[in-house]
Amino acid sequence: MSPVEAKLQSNIVQSRNVLDAWVREVVAWHFDPATGCPFWLDHAKKLSWDPRKEVKGYDDLARFGFFQDEWLRGGPVRRWVPKGFDGRPVYTFETGGSTGVPKSRINIEDFRIDYEAFSTTLPDEFFPKDSDWLSLGPTGPRRLRLAVEHLAQFRGGICFMVDLDPRWVIKLIKQGKAKEAESYKQHVIEQGLTLLKAHPNIRCLFTTPKLLEALCERVSLKKMGITGVFCGGTEMTPQFHRFAVEELLEGAYFAATYGNTLMGLAVHKPRIPEDNFAIIYYPPLPRAMIEVVDPDNPEKLVGYGETGRVRLTTLTKEFFMPRFLERDEAEREPPCDLYPWDGVRNVRPFAKLSTSVVEGVY
């Protein structure tokens, strides 16, 4: 083993130790009657074992089985609020609703914590401190509505917001109203253009892949002074990544992200030629873990480079969600120097479910 490989191996072991310690702390919090939420305290009564005594590390979360998404659909949402946060203002954020009743997740400080951590991954050269932001994309019941604004404020800026309602776009597409969907998209773009022209201190942009493309059809980001683009909210392909870098961005930094209401925000691996524009993400360990598992046996991880279904675990004191099977698939990415734990490559809708879901509409 070379010195470089030995160092990576050491970092992998260290990150795993951090994860195991955090799992013990989070489980102790959620299953303590003084701090836990009603849902998990009730759940514990049905178990024949005590999570606080028997969960020693991440692997022991397998004893919970798989988290069921139906548990997050409908109320009462207060059953998810940990008693340890009694009296604190509570937000509720929703998933897209493309598979039925939206899943709801409570938030208190997590969105701020996650985006402050993410801020450290943005290069100041391209996302200058004290510069203003434009957020062009879904807001409404989504976490993005507060998270991107907090990110801008945390970096000393002010965030201008233009909303796009993806549920309306999905409805239009399902009704075959492509013209109306296009008209709505242009309505959103025009609002963004107005703000960019009126506020020259805007240097940073959050938007989705399709809105980025539509914006760049109307204006040069370089001429508008945009130097950094934080892009996410929906599926992104290597082909789009290459197109964005070579055709759209005109030198602006491209920070691709994989995030959702249930997890938070996965960080993109900085682009290197060897990755050939693959979109590679790493979860914010120890607050979340993403794994790629065999779709027919989701207990089992696939090998590195192999394709499988994404299995997500969220581990914060606000929200505990062990082993949730996402409606995404990806290739399993090995640990790297910057992120010595598992990542995912080229996340996309899970093939076995994609026929029933309208994806990539914004």
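To start, this report covers the structure provided alongside it. Since the model is a prediction, treat every value here as computed from it, not as a measurement.

Conventions adopted
Residues numbered from 1 in each chain as written. Predicted model: local features only at pLDDT ≥ 70, side-chain atom pairs only at ≥ 80, totals over all residues. Heavy atoms only, no water. Axes fitted to C-alpha atoms, helices over the stretch in contact; angles between N-to-C directions. Helix = DSSP H or I, 4+ residues; strand = E, 2+ residues; numbered from the N terminus. Parallel < 35°, antiparallel > 145°, perpendicular 65-115°, else oblique. Left-handed = near helix turned anticlockwise from the far one by under 90°. Contact = heavy atoms within 4.5 Å. Nonpolar A, V, L, I, M, F, W, Y, C, P; charged D, E, K, R; others polar. 1 Å grid on protein atoms, 1.4 Å probe; cavity = no way out; pocket = protein on both sides within 12 Å on 5 of 7 lines; lining within 4 Å. Points joined across faces, edges and corners; volume = space filled by probe spheres on them. Phe/Tyr/Trp six-rings, centres within 6.5 Å; stacked < 30°, edge-to-face > 60°. Buried < 20%, exposed > 50% of the residue type's maximum accessible area, 1.4 Å probe, protein only. Pairing = 2+ DSSP bridges. Expected span 1.5 Å × (residues − 1). Polar contact = N/O pair within 3.5 Å; in protein donor to acceptor, adjacent residues only side chain to side chain.

Turning to the packing of helix α4 (residues 110-119) against helix α5 (residues 144-154), a few remarks are in order. Between α4 and α5, the least distance of the axes is 9 Å, while the angle of their chain directions is 45 degrees. Taken together, the axes of α4 and α5 lie oblique to each other. As for the relative orientation of α4 and α5, their crossing is right-handed in sense. Facing Phe111, Arg112, Tyr115, Glu116, Phe118 and Ser119 of α4, the residues of α5 in contact are Leu144, Leu146, Ala147, Val148, His150, Leu151 and Phe154. Residue classes in the contact of α4 with α5 are distributed as nine nonpolar, two polar and two charged.

Attention now goes to empty space enclosed by the protein. Think of a ball as big as a water molecule: rolled over the atoms, this probe shows where empty space is left. This model, assessed by the stated rule, comprises two cavities of 30 Å³ or more. Empty space within the second largest cavity amounts to approximately 30 Å³. Lining the second largest cavity are Trp40, His43, Phe64, Gly65, Phe66, Phe67, Trp71 and Pro322. Each residue belonging to the lining of the second largest cavity can be placed in one class, and the counts come to six nonpolar, two polar and no charged.

A word on the packing of aromatic side chains. What describes a pair of aromatic rings is the distance from one ring centre to the other and the angle between the planes of the rings. One pass over the structure, following the stated rule, counts 33 aromatic pairs. Measuring from centroid to centroid gives 5.6 Å for Phe31 and Phe64, while their planes differ by 20 degrees, and the two rings are stacked. With a gap of 33 residues between them, Phe31 in the loop between α1 (3-30) and α2 (38-45) and Phe64 in the loop between α3 (51-54) and β1 (91-94) connect regions that are remote in the sequence. Residue classification places Phe64 among the buried positions, given a relative accessible area of 10%. Pairing Trp40 with Phe320 gives two aromatic rings, centres 5.1 Å apart and planes at 55 degrees, and the pair type is tilted. Linking Trp40 in helix α2 with Phe320 in strand β14 (residues 320-333), this pair joins segments that are 280 residues apart in sequence.

Read from one edge of the open sheet, eight strands run β8-β9-β10-β15-β14-β13-β11-β12, paired in antiparallel fashion. Of all the strands in the sheet, the pair left with one neighbour each is β8 (258-260) and β12 (297-301). For this sheet, the mean angle separating the axes of adjacent strands, direction not counted, is 50 degrees. Where α1 meets the sheet, it contacts β11 (288-294), β13 (307-315) and β14, and its direction lies at approximately 55 degrees from that of β13.

This part takes up the pairing of β11. Here β11 lies mainly inside the structure; six of its seven residues are buried. Across two bridges, β11 lies against β12 in antiparallel orientation. The residue bridging Asp294 from the neighbouring strand is Asn297, located in β12. The hairpin formed by β11 and β12 contains two residues between the paired strands.

Between its terminal C-alpha atoms helix α7 (residues 178-198) stretches 31 Å, which fits the 30 Å expected from 21 residues at 1.5 Å a residue. Where α7 is buried, its residues touch β3 (132-137), β4 (159-163), α6 (166-174), β5 (202-207), α8 (209-218) and α9 (221-224).

This part covers the environment of Glu250. One can find Glu250 in the loop between α10 (238-248) and β7 (253-256). Sequence separation between Glu250 and Ser220 is 30 residues; the distance between their C-alpha atoms is 8.0 Å. In this structure the side chain of Glu250 is engaged in a polar contact, spanning 3.3 Å, whose partner is the backbone nitrogen of Lys222.

Between Gly75 and the following residue, Pro76, the backbone shows a cis peptide bond with an omega angle of -5 degrees. Its location among the elements puts Pro76 in the loop between α3 and β1. The omega torsion across Leu285 and Pro286 is 0 degrees, close enough to zero to call that bond cis. With respect to the element layout, Pro286 can be found in the loop between β10 (280-282) and β11. Of note, the phi angle at Glu250 is positive, near 50 degrees, even though the residue is not glycine.

Spanning 28 residues, α1 covers 41 Å between terminal C-alpha atoms, matching the ideal 40 Å at 1.5 Å per step. Within α1, burial applies to Leu8, Ser15, Leu19, Asp20, Trp22, Val23, Val26, Val27, Trp29 and His30. Buried positions along α1 lie against α2, α3, β11, β13 and β14.

Note that every value here comes from positions in space, so none of it alone points to a role or purpose.
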